[in-house]
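For reference, the chains in residue letters:
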Amino acid sequence: MALQTRLQARTRAQTRALTAAKLALFPLLAAQGLRVRLKALELPEAEGPRMGEALPTRARRAQPLRLLVVGDSSAAGVGVAQQREALAEPLARLLAEELGRPVQWQLQARTGHSALEALAALRETALAPADILVTVLGVNDVVRQVPARRTREQLDALHEHVREHAGVRYWLHCGVPPMQRFPLLPAPLRWLLGAQAELLNRELHAHLGDQRDRALRRLPMRLMGRGPGLMAADGFHPGPRGYALWAESLAPFIARRWARVERD
């Protein structure tokens, strides 16, 4: 509890400093934001089914694990052509191999969704039963300057809704990427958005930690490199290799946590 209190106090102090910086730089930031919107390359969401079943090479006799991925454009696969190259389907395949059991997956994601918009969409959706929820949200909250605490509260509400209506037993939230490393964004806009993304991650880390039934998982920094396929042509979304590394980092983490949930 003492650690959580210190983290929250530190976050409040950093929020005040960030607010002062935004006020001082407002004319420049507004101009840069407009230029980014005008020049940004708009890529489509990945095509292909948004639900399916992944089978392991060697399966034990076991009930299928049910995976639900909810999120924004990155969850929807912007930056690659097909869902088989994006996040949800490859993650299901890797989880099936990790666990030695089938994984039934479903994807609920739309470009531009904030945490609040994702929650509203889920409230209008008939969800299939799910055991594990993976959320990919927060970038649009940062871009729109939604306070970190409000985003955290909306993510909590989303988790509660899915737990109640789909039976989810474990929730993993993917941390907001280091936006200061997005090639599309100019300085100082990139540094301001990167700082706000880090504030949101700290808010969620202080709130979620690594609990038995939910956790925050930051993206591996190697996803933000400049190697072939790591970033999409728009300089804002993952490319094919970036999505592959992302799924590879999540699958063993989820498998270990799910084993703990089942033991308890």
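Everything below is about the structure shown above.
These lines cover the structure that appears in this document, whether it is placed above or below. (Residues numbered from 1 in each chain as written. Predicted model: local features only at pLDDT ≥ 70, side-chain atom pairs only at ≥ 80, totals over all residues. Heavy atoms only, no water.)

1. Structural notes on the overall build of the chain
Secondary structure assignment for the chain yields 8 helices and 6 strands. Shown N-terminal to C-terminal, the secondary structure of the chain runs as helices and strands in the order α-α-β-β-α-β-α-β-α-α-β-α-β-α. For the chain, with 264 residues in total, the buried portion stands at 50%. Sequence-distant contacts, at least 24 apart, represent 81% of the contacts inside the chain between residues at least 6 apart. A total accessible area of about 12800 Å² is found for the chain, and carbon and sulfur atoms account for 54% of it. (Helix = DSSP H or I, 4+ residues; strand = E, 2+ residues; numbered from the N terminus. Buried < 20%, exposed > 50% of the residue type's maximum accessible area, 1.4 Å probe, protein only. Contact = heavy atoms within 4.5 Å. Areas by Shrake-Rupley, 256 points an atom, 1.4 Å probe, with all protein chains shown as cover.)

2. Let's talk about the sheet that holds strand β5 (residues 170-174)
Across the sheet, 6 strands lie side by side as β1-β3-β2-β4-β5-β6; this open sheet has mixed pairing. Since the sheet does not close on itself, it has two edges, and those belong to β1 (51-54) and β6 (214-217), each with one partner. Pairwise comparison of adjacent strand axes, ignoring direction, gives a mean angle of 20° for this sheet. Relative to strand β3 (residues 103-109), β1 is paired through 4 bridges, and the arrangement is antiparallel. Paired with G52 across the two strands is W105, which belongs to β3. Contacts from helix α8 (residues 240-263) reach β2 (65-71), β4 (132-136), β5 and β6 within the one sheet, and its direction differs from that of β5 by about 155°. (Pairing = 2+ DSSP bridges. Axes fitted to C-alpha atoms, helices over the stretch in contact; angles between N-to-C directions.)

3. Looking at the packing of helix α3 (residues 88-99) against α8
Two numbers describe how α3 lies on α8: the axes approach to 9 Å, and their chain directions differ by 40°. One way to sum up the angle between α3 and α8 is to call them oblique. The two elements α3 and α8 cross, and the hand of that crossing is right-handed. Facing P90, L91, L94, L95, E98 and L99 of α3, the residues of α8 in contact are A247, E248, L250, A251, P252, I254 and A255. Counted by class, the contact of α3 with α8 contains 11 nonpolar, no polar and 2 charged residues. (Parallel < 35°, antiparallel > 145°, perpendicular 65-115°, else oblique. Left-handed = near helix turned anticlockwise from the far one by under 90°. Nonpolar A, V, L, I, M, F, W, Y, C, P; charged D, E, K, R; others polar.)

4. Re the side chain of D141
Within the secondary structure, D141 sits in helix α5 (residues 139-143). Setting aside residues no more than four positions away along its own chain, D141 makes contact with S114, A115, V146, T151 and Q154.

5. So, the pairing of β5
Burial runs high along β5: 5 of the 5 residues are buried. Here β5 shows a buried face lined by Y170, L172 and C174 and a second buried face lined by W171 and H173. For β4 and β5, the ladder comprises 4 bridges, and the chain directions are parallel. From the neighbouring strand, L133 faces β5, where its bridge partner is W171. Strand direction decides the pairing type here: β5 and β6, joined by 4 bridges, are parallel. Within β6, the position partnered with C174 by the bridge is R217.

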